Amino acid sequence: MSDELQIIVDNILAARKTGSKAKAQGQGLAPSNIALCKYWGKRNTRINLPLTSSLSISLASLGSKTLVEQATGPEDEIYLGGEKLKGDASFVKRMKSFLDLFRPSKEFYFKVQTVNDLPTGAGLASSASGFASLVLALDDFFQYGLDRSKLSILARLGSGSACRSLWHGFVEWEAGVDPMGMDSYAHPLSAVWENLCVGLVIVESLPKAISSREAMERTVQTSALYRGWEECVKHDLALIKAAIETKDFSLLGRVAEGNAMMMHATMQNAVPPIQYSTDQTFAVRRKVVRCREDGVPVYFTQDAGANLKLLFQAKDKSAILEKFGNIPIVSPFKDL
Ligand code: PMV
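Quick caveat: nothing in here was measured; it's all calculated off a predicted structure. (Residues numbered from 1 in each chain as written. Predicted model: local features only at pLDDT ≥ 70, side-chain atom pairs only at ≥ 80, totals over all residues. Heavy atoms only, no water.)

Caption draft 1: Main features of the environment of Lys111. Structurally, Lys111 is set in strand β7 (residues 110–116). Exposure remark for Lys111: the relative accessible area of 22% places this residue in the partly exposed category. With 35 residues separating them along the chain, Lys111 and Asp76 place their C-alpha atoms 5.7 Å apart. (Helix = DSSP H or I, 4+ residues; strand = E, 2+ residues; numbered from the N terminus. Buried < 20%, exposed > 50% of the residue type's maximum accessible area, 1.4 Å probe, protein only.)

Caption draft 2: Quick peek at the pairing of strand β10 (residues 196–201). With six of six residues buried, β10 is to be regarded as a mostly interior element. Burial along β10 is two-sided: Leu196, Val198 and Leu200 facing one way and Cys197, Gly199 and Val201 facing the other are all buried. Bridge analysis of β10 against strand β12 (residues 308–313) gives six bridges, and the strand direction is antiparallel. Among the inter-strand pairings, Leu200 is bridged to a residue of β12, identified as Lys309. The pairing of β10 with strand β13 (residues 329–330) spans two bridges and is classified as antiparallel. Residue Val198 lies in a different strand from β13, and its bridge partner there is Val330. (Pairing = 2+ DSSP bridges.)

Caption draft 3: Representation of the site of the ligand within the structure. Near the ligand, the surroundings consist of 14 residues, among which Tyr39, Ser159, Ser161, Arg164 and Ser212 are the closest. Within the backbone of Tyr39, a nitrogen or oxygen atom sits 2.9 Å from an oxygen atom of the ligand. Taken together, the residues of the shell around the ligand sort by class into six nonpolar, five polar and three charged. (Near = heavy atom within 4 Å. Polar contact = N/O pair within 3.5 Å; in protein donor to acceptor, adjacent residues only side chain to side chain. Nonpolar A, V, L, I, M, F, W, Y, C, P; charged D, E, K, R; others polar.)

Caption draft 4: Summary view of the sheet that holds strand β11 (residues 299–302). The strand order across the open sheet formed by four strands is β11-β12-β10-β13, and the pairing between neighbours is antiparallel. Two strands close off the open sheet at either side, each with one partner strand: β11 and β13. The sheet contacts of helix α7 (residues 249–268) involve β10, β11 and β12, and relative to β11 the element is tilted by about 35°. In the packing of helix α8 (residues 279–293) onto the sheet, the strands contacted are β10, β11 and β12, and the crossing angle to β11 comes to about 155°. (Contact = heavy atoms within 4.5 Å. Axes fitted to C-alpha atoms, helices over the stretch in contact; angles between N-to-C directions.)

Caption draft 5: A look at the side chain of Ser223. Mapped onto the fold, Ser223 is located in the loop between α5 (212–222) and α6 (226–246). Setting aside its immediate chain neighbours within four residues, Ser223 contacts Arg218, Thr266, Asn269 and Ala270.

Caption draft 6: Summary view of helix α1 (residues 3–13). Buried residues of α1: Glu4, Leu5, Ile8, Val9, Ile12 and Leu13, and no others. What you see down the axis of α1 is that its buried residues fit within an arc of 165°, all on one side. Buried positions along α1 lie against β2 (42–44) and α4 (148–158). (Arc of directions from axis to C-beta.)

Caption draft 7: Unusual backbone geometry, seen in detail. Here the residue pair Val271 and Pro272 is connected by a cis peptide bond, since its omega of -10° sits within 30 degrees of zero. Take Pro272: it is sitting in the loop between α7 and α8. Non-glycine residue Asn48 carries a positive phi angle of around 50°. By the secondary structure assignment, Asn48 is in the loop between β2 and β3 (49–50). At Lys247, a residue that is not glycine, the phi angle is positive and equals roughly 55°. The topology assignment puts Lys247 in the loop between α6 and α7.

Caption draft 8: Structural context of the nonpolar core. Ranked by internal contacts, the top residues of the largest apolar core, which has 84 residues, are Phe102, Phe110 and Phe170. Here the element with the most residues in this core is helix α3 (residues 126–142); it accounts for 10 residues. With near-sequence residues (within four places) excluded, Phe102 lies in contact with Val9, Leu13, Phe110, Leu138, Phe142, Tyr144 and Leu154. Counting residues in hydrophobic clusters, the runner-up holds 17 residues, among them Cys291, Ala306, Leu308 and Leu310. (Core = buried A, V, L, I, M, F, W, Y, C linked by side-chain atoms within 4.5 Å.)

Caption draft 9: The pattern of salt bridges, seen in detail. Summed over the entire model, instances satisfying the criterion amount to 14 salt bridges. The closest approach of N and O atoms between Arg292 and Glu257, which form a salt bridge, is 2.8 Å. Linking Arg292 in helix α8 with Glu257 in helix α7, this pair joins segments that are 35 residues apart in sequence. For Arg292, a relative accessible area of 25% translates into the label partly exposed. Using a relative accessible area of 9% as the deciding quantity, one classes Glu257 as buried. Each member of the salt-bridge network shares a partner with another, and the members are Lys38, Asp303 and Lys309. (Salt bridge = Lys/Arg side-chain N within 4 Å of Asp/Glu carboxyl O.)

Below you can see the structure in the form of structure tokens.
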């Protein structure tokens with residue numbers, strides 16, 4: 001990990017409670033979040049600083065739970081879903097270098113146990129809730145007592161979108177302008193939208209072929225559409241906030257779906273092109289459009305993976321179940 005990262009973490013930890021001491025075990029719980037206006041592209045790849053702001057909805061009780069304690073042996077022990085991961089796995093390497101930032105001494109090793117409710121690495125925001133829950137567990141374990149905006153910065157260093165997983169409901173991540181990213185963190189919106197529902201159409205549970213980190217970098221460097229994407233985000237963000245304010249569901253759905261399509265179009269224009277969608281993704285997208293033509297207001301959004309998330313209102317839940325089968329459905333403001 002670069003010195004830049006350690007400087008940022010030390011700077012943040014300077015605000016911890018004085019005399020804070022580690023407890024036997026720390027615990028963190030964080031929801032997954034699905035961006036309605038996406039984050040795609042970094043202005044600093046080492047510290048995950050975005051080129052544009054973004055806005056998400058959290059998935060209530062679906063997310064990650066992480067436990068942190070001191071390992072008894074001479075190395076970090078990382079468990080995912082109850083299974084101990086091998087030290088050379090790329091996820092473990094990423095996790096260990098993140099943990100390096102928090103070791104009280106070089107000889108201190110962590111035991112980290114994470115359980116994700118959703119498949120890992122399949123574009124279902126498990127890294128977001130994973131890093132957010134890890135940061136919460138570290139804060140609990142070391143009794144730092146940091147405020148949420150500082151924890152949001154720490155989570156961002158692990159995975160950009162993780163900075164939005166510290167809250168329920170609608171959450172906005174402002175890109176910020178500070179080169180060290182001290183103003184690049186998320187905050188919750190106060191709006192409550194009781195009858196809003198999110199459905200998960202899982203067509204692929206295997207990890208994606210190309211990481212969002214690599215895909216974003218390639219898109220920024222090579223896609224001729226990237227400039228247009230930056231402009232699109234500005235409009236979409238304003239429209240989504242207006243839709244939330246006025247509870248205009250069709251505006252929210254239309255803009256969120258268009259934003260996801262624009263993100264995928266931008267990455268398809270990269271060299272070589274990036275394509276997360278499979279035949280099944282396209283089939284589900286077509287089904288969503290047909291549903292609307294049949295009078296059921298439903299929209300989709302899609303992240304860095306083949307899976308789709310549906311946006312609809314509670315009154316249409318039975319129509320959605322009938323058309324899409326027995327898919328998992330979350331009410332972000334009710335299933336808390
Ligand atoms: O935070 P990352 O590196 O997993 O990237 C997330 C990217 C998207 O999910 C596609 C968009 C977003 O804003 O969550």
